[in-house]
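Below are the chains, spelled out letter by letter.
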Amino acid sequence: KDIDDIITAVEIHRGNMLWAGSDTSMSSPTTLEWMGALEQIGTAGGSVNLATIAPGSSIIDGLKTVIAQVVSQKGFVVRPTAIYLSDVLGDYIDQEAKAAHISLPTVDVEAGVTVSALSTRAGKIPLIGDPFMPTDSTGKYGFSNPPAGNNNYYAAIIMESETEIPYISGKTDDPKPRLFQLGLTGNLSGQFVAVKFDTLIIKGASYAHALVCVNRP
């Protein structure tokens, strides 16, 4: 059980780092953290791939407008394939759709898993809830502090073919964490450490993806 807990802790930490890894540079890292997807997209952000949806504004219309702006770039062929967001923000979208009598289409993201989607200029884009997507009460990733009584909820519009997680492995090419037992044979007392060498790379962060900040309570 302890060994399983170690491996689980590594994978949970990687889940947190996927979006909110605290390092701020891919070329000159200063920590053992990943540079998370929000930091990569937000740091490279601009008018195309950063947008804020203020309180009272339509979340659905705002997301569709950002996707239209991304796919309309003349210098690049960009086709977003998913919108990743927290389940709380997903619930806000469901409430908005219900109030406006909008029926959201559904798509299969993998066998047996069906999610709601938005009909956009890039086709039907699935809304995929991720419990590791952070929610902030202060400004981060290029966004301002939320208005009083609100938080910043993020929606990452991702072109998944332009993301990758390279890793360093042994001869078996196994991407799972590697477990090492510490100490000498004579004094081992079940001391283990798990190590995984990998990182997240968001390719074309300044044009192939978008980050939307939604202000809601």
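Nothing here was measured: the structure is a model prediction, and the numbers come from that model.

Trainee: Outline the packing of aromatic side chains, supporting the account with residue identities and numerical values.
Mentor: Applying the stated criterion to the full structure yields five aromatic pairs. Seen from their ring centres, tryptophan 19 and tyrosine 84 are 5.5 Å apart, and the 45° between their planes marks the pair as tilted. One end of the pair, tryptophan 19, is in helix α1 (residues 2-20); the other, tyrosine 84, is in strand β2 (residues 82-85), and 65 residues separate them in sequence. Each member of the aromatic cluster is reached from another via a ring pair, and the members are Tyr141, Phe143 and Tyr154.

Trainee: An account of the pattern of salt bridges is needed here, citing residue identities and associated values.
Mentor: Taken as a whole, this structure holds six salt bridges when the rule is applied. Put simply, glutamate 11 and arginine 14 hold a salt bridge, and the shortest N to O gap is 2.8 Å. Taken together, the residues glutamate 11 and arginine 14, both in helix α1 and three residues apart, mark about one turn of the helix. The shortest N-O distance in the salt bridge between arginine 14 and aspartate 198 comes to 2.8 Å. A residue pair is termed long-range when its members are at least 10 positions apart, and arginine 14 in helix α1 and aspartate 198 in strand β12 (residues 197-198) qualify at 184 residues. Among the residues examined, arginine 14 registers a relative accessible area of 15% and is labelled buried.

Trainee: So what's going on with the nonpolar core? Which residues, and what values?
Mentor: Core analysis: the biggest nonpolar cluster contains 27 residues, and Leu63, Ile83, Ile93, Ile157 and Val212 have the highest contact counts within it. Listing elements by their share of this core, those giving two or more residues are β1 (50-53), α3 (59-71), β2, α4 (87-99), β5 (123-129), β7 (151-158) and β14 (210-216). It is α3 that contributes the most residues to this core, seven residues altogether. Excluding its chain neighbours within four sequence positions, the residues that come into contact with leucine 63 are Ile53, Ile93, Leu118, Ala155, Ile157 and Val212.

Trainee: Any chance you could break down unusual backbone geometry for me, citing the residues and the numbers?
Mentor: Most peptide bonds take the trans form, and the phi angle of most residues other than glycine is negative. Positioned with a positive phi, histidine 101 is a non-glycine residue whose angle comes to about 55°. Residue classification places histidine 101 among the exposed residues on the basis of a relative accessible area of 75%. In this structure, aspartate 173 takes a positive phi of about 50° despite not being glycine.

About the thresholds
- As a convention, each chain's residues are numbered from 1 in the sequence order in which they are written.
- With pLDDT at 70 or above as the cut-off, local features in this predicted model cover only qualifying residues; side-chain atom pairs require 80 or more to be listed or tallied, and sums for whole chains, interfaces and linings still use all residues.
- Side-chain calculation: all heavy atoms of the structure are included, whereas hydrogens and water are not.
- Side-chain rings of Phe, Tyr and Trp (the six-membered ring for Trp) are treated as a pair once their centres are within 6.5 Å; stacked means planes under 30 degrees apart, edge-to-face means over 60, and tilted covers the remaining angles.
- Here a strand is any run of E in DSSP of at least two residues, a helix any run of H or I of at least four, and the numbering for each starts at the N terminus.
- Between Lys or Arg on one side and Asp or Glu on the other, a salt bridge is scored when a side-chain nitrogen of the former is within 4 Å of a carboxyl oxygen of the latter.
- Three labels apply to residues, based on accessible area from a 1.4 Å probe with only protein chains included: buried if under 20% of the type maximum, exposed if over 50%, partly exposed otherwise in between.
- Side-chain atoms within 4.5 Å are what join buried Ala, Val, Leu, Ile, Met, Phe, Trp, Tyr and Cys residues into a set we call a nonpolar core.
- Two residues qualify as a contact provided that any one of their heavy atoms is within 4.5 Å of a heavy atom in the partner residue.

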